[in-house]
Amino acid sequence: MKIDEIVLRELNLRLVRPFQTSFGVTRDRRVVLAEIHSEGLIGWGECTAGEHPHFSEESVDSCWQVIVDELGPTLLRHEPENGGECPRIFGLVRGNRMAKATLENAIWDIEAQRAGVPLSDLLGGVREKIPCGVSIGIQASISELLEVIEREVAAGYQRIKLKCKPGWDMEVFEKVRHRFPGITLSCDANSAYRLRDADHLAAFDAFDLLMVEQPLWYDDFYYHSMLQKRLDTAICLDESIRNRRDALAAIEMESCRIINIKLGRVGGFSEAIAVHNAAYERGIPVWCGGMLESGIGRSHNIALSTLANFSLPGDVSASKRYWAEDIIEPEVTVSATGEIAISQEPGRGYAVKTELIERLTVRKEHLRAHAVVG
Ligand code: OSB
Ligand code: MG
């Protein structure tokens with residue numbers, strides 16, 4: 001496909017409420033969007049990197065630099081026919097998967113529009129609606145957490161995931177389970193524990209958790225496999241899984257029984273599908289993670305979640321949980337049974353509010369073949 005221009009933007013968006021994990025609090029998001037113009041069509045990509053290199057080595061600023069100096073010019077030179085060609089085109093650049101996904105996912109968006117099919121169909125999706133869960137950050141007190149859970153359960157969400165860390169775990173689970181004995185509950189440590197905490201983590205078994213997500217080091221399989229032997233509760237890996245080979249290693253070593261797939265973390269739709277397939281063939285269920293995305297990234301997550309092995313509720317929830325006003329229309333809504341209906345429109349299925357995006361833009365760069373125009 002001919003690529004006429006890549007417009008890279010940074011938007012500043014304030015979350016409706018702060019989100020706290022074991023590595024810190026996020027209140028204001030710096031969202032990087034790529035807008036790729038090709039033969040009259042526009043494809044959108046969202047960078048899922050955080051403001052700081054805490055979740056992964058990448059950050060908003062590292063992605064911006066790599067896209068402007070490396071990936072953007074490479075894409076303009078090679079003009080892929082489809083999204084599936086992007087990993088090879090970007091192959092000379094090591095790592096930087098969130099930066100690569102920003103552009104690759106926009107190419108898939110164009111490809112779906114060109115073919116006149118929903119992005120979910122192009123990816124091989126089979127679901128007409130997807131099951132949704134919520135990720136609830138660390139709160140100021142357990143009583144506030146109980147109120148938040150009450151609200152999300154009443155909204156219909158099918159799975160409640162609690163962020164946890166040493167000091168915000170056992171007592172929290174105990175009180176939550178006491179109040180909500182029947183809900184599907186899981187926790188996410190974002191690497192806050194060490195193997196010496198194995199006995200402590202084994203005590204989580206008492207709370208009938210669907211999974212404990214990424215308890216140990218962000219780059220580890222081996223110690224997770226040692227830990228999994230000591231837990232009845234399934235370990236789910238998030239940070240550790242960067243690609244299909246990682247998924248195969250983790251499954252082979254029995255480091256986890258469930259995998260969280262995030263589009264940015266694995267470098268885009270091509271690798272996300274490869275991880276999905278590898279897990280599917282080996283009987284390991286997957287679900288779609290979230291990175292506090294705006295509506296653009298959210299629409300990509302929704303399309304991905306239609307693949308057959310996304311059998312567990314994802315961290316893909318309604319726009320209004322994050323933003324006073326989302327940058328897409330319609331906004332993403334979740335039914336009273338905790339599901340998102342899949343749009344049958346060509347492409348991502350959600351229109352972009354271009355005026356709002358322009359108003360929220362704080363940095364913009366136009367990339368064209370042989371020229372970078374500020
Ligand atoms: O580990 O899943 C995670 C947000 C930022 C960084 C890492 C994670 C998260 C979430 C939020 O859990 C999920 C969401 O977008 O609602
Ligand atoms: Mg996680």
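Before reading further, recall that the structure is shown in the block above.
In short, a report on the structure.

## Digging into the overall build of the protein chain
Each helix and strand counted, the protein chain has 13 helices and 16 strands in total. For 374 residues, the compact-globule estimate of 2.2 N^0.38 gives 21 Å, and the C-alpha radius of gyration of the protein chain, at 20 Å, lies within 12% of that figure. Taken along its principal axes, the extent of the C-alpha atoms in the protein chain is 60 × 40 × 35 Å. Looking at the 374 residues of the protein chain, the share that counts as buried comes to 58%. Taking all contacts inside the protein chain whose residues are at least 6 apart in sequence as the whole, residues at least 24 apart take part in 71%. Only carbon and sulfur atoms are counted for the fraction: they give 49% of the accessible area of the protein chain, which is about 15000 Å². The average position of the 43 basic charges and that of the 55 acidic charges among the side chains of the protein chain differ by 2 Å.

## Here's the deal with the layout of surface pockets
What the largest pocket holds in volume is close to 780 Å³. Lining the largest pocket are 42 residues, and of these Phe19, Gln20, Thr21, Thr26 and Leu292 lie nearest its centre. Going through the elements one at a time, β1 (5–21), β2 (24–38), β5 (133–136), α5 (142–155) and β6 (159–163) are the ones with two or more residues in the lining of the largest pocket. Class assignment of the residues belonging to the lining of the largest pocket gives a composition of 14 nonpolar, 13 polar and 15 charged. Taken together, Pro87, Gly95, Arg97, Lys100, Glu104, Arg242, Asn243, Arg244, Arg245, Val266, Gly267 and Glu271 make up the lining of the second largest pocket. Of all elements in the fold, only α3 (97–115) and α9 (244–252) reach the threshold of two or more residues within the lining of the second largest pocket. At three residues, the largest contribution of residues to the lining of the second largest pocket is made by α3.

## Examining the site of ligand 1
As a matter of local geometry, ligand 1 sits amid 15 residues, with Ser135, Asn190, Lys262, Leu292 and Tyr322 nearest to it. A distance of 3.0 Å separates an oxygen atom of ligand 1 from a polar side-chain atom of Lys163. Within the side chain of Asn190, one N or O atom sits 2.8 Å away from an oxygen atom of ligand 1. Isolated, ligand 1 exposes 390 Å² of accessible area, and the fraction of that covered by the protein chains is 96%. The cavity where ligand 1 resides is the largest pocket.

## Focus: the packing of helix α1 (residues 60–78) against α3
Where α1 meets α3, the closest approach of the two axes is 9 Å, and the angle between their N-to-C directions is 45 degrees. When the axes of α1 and α3 are compared, the pair comes out oblique. In this structure, the crossing between α1 and α3 has a hand that is right-handed. Two secondary-structure elements touch here, α1 through Cys63, Val66, Ile67, Leu71, Gly72 and Leu75 and α3 through Met98, Ala99, Lys100, Thr102, Leu103 and Ile107.

## Focus on the coordination of the magnesium ion (ligand 2)
In this structure, Asp188 (OD), Glu213 (OE) and Asp238 (OD) serve as the protein donors to the magnesium ion (ligand 2), at separations of 2.1 to 2.3 Å. Written as a sequence motif, the donor arrangement for the magnesium ion (ligand 2) is D-x24-E-x24-D. On the criterion of sequence distance, the pair formed by Asp188 in strand β7 (residues 185–188) and Glu213 in strand β8 (residues 212–213) is long-range, its members being 25 residues apart. In this structure Glu213 comes out as buried when scored by relative accessible area, which is 0%.

## Describing the pattern of salt bridges
Inspection of every chain in the model, using the stated rule, returns 30 salt bridges. Close ionic contact of Arg29 with Glu51 constitutes a salt bridge, the shortest N to O distance being 2.8 Å. Of the two residues, Arg29 sits in strand β2 while Glu51 sits in the loop between β3 (41–47) and α1, which places them 22 residues apart along the sequence. Exposure class is identical for Arg29 and Glu51. Each is buried. Here the residues in one salt-bridge network are Arg159, Lys161, Lys163, Asp188, Glu213 and Asp315, joined through shared partners.

## Quick notes on the environment of Thr26
Structurally, Thr26 is set in strand β2. For Thr26 and Gly167, which are 141 residues apart along the polypeptide, the C-alpha to C-alpha distance reads 20 Å. If we ignore the near neighbours within four places in the chain, the residues touching Thr26 are Leu15, Pro18, Phe19, Glu51 and Leu292.

## Concerning the environment of Glu171
In this fold, Glu171 is placed in helix α6 (residues 170–179). Residues Glu171 and Ile110, 61 residues apart in the sequence, show an inter-C-alpha distance of 48 Å.

## What to know about empty space enclosed by the protein
Scanning the entire structure with this criterion turns up three cavities of 30 Å³ or more. Roughly 70 Å³ of volume is contained in the largest cavity. Every residue along the wall of the largest cavity is listed here: Pro118, Leu119, Ser120, Ser299, Ile302, Ala303, Ile342, Ser343, Glu345, Gly347, Arg348 and Tyr350. Counting residues per element, the ones that place at least two in the lining of the largest cavity are α4 (119–123) and α12 (295–304).

Each value, and the rule that gives it
Residues numbered from 1 in each chain as written. Chains lettered and ligands numbered in written order. Predicted model: local features only at pLDDT ≥ 70, side-chain atom pairs only at ≥ 80, totals over all residues. Heavy atoms only, no water. Helix = DSSP H or I, 4+ residues; strand = E, 2+ residues; numbered from the N terminus. Rg over C-alpha atoms; globule rule 2.2 N^0.38 Å. Buried < 20%, exposed > 50% of the residue type's maximum accessible area, 1.4 Å probe, protein only. Contact = heavy atoms within 4.5 Å. Areas by Shrake-Rupley, 256 points an atom, 1.4 Å probe, with all protein chains shown as cover. Lys, Arg positive; Asp, Glu negative; His and termini not counted. Charge placed at Lys NZ, Arg CZ, Asp CG, Glu CD. 1 Å grid on protein atoms, 1.4 Å probe; cavity = no way out; pocket = protein on both sides within 12 Å on 5 of 7 lines; lining within 4 Å. Points joined across faces, edges and corners; volume = space filled by probe spheres on them. Nonpolar A, V, L, I, M, F, W, Y, C, P; charged D, E, K, R; others polar. Near = heavy atom within 4 Å. Polar contact = N/O pair within 3.5 Å; in protein donor to acceptor, adjacent residues only side chain to side chain. Sits in = over half its atoms within 2 Å of the grid points. Axes fitted to C-alpha atoms, helices over the stretch in contact; angles between N-to-C directions. Parallel < 35°, antiparallel > 145°, perpendicular 65-115°, else oblique. Left-handed = near helix turned anticlockwise from the far one by under 90°. Donors = N, O, S within 2.8 Å, 3.2 Å for Na, K, Ca; no water. Salt bridge = Lys/Arg side-chain N within 4 Å of Asp/Glu carboxyl O.

Read these as layout, nothing more, since geometry by itself doesn't imply function.
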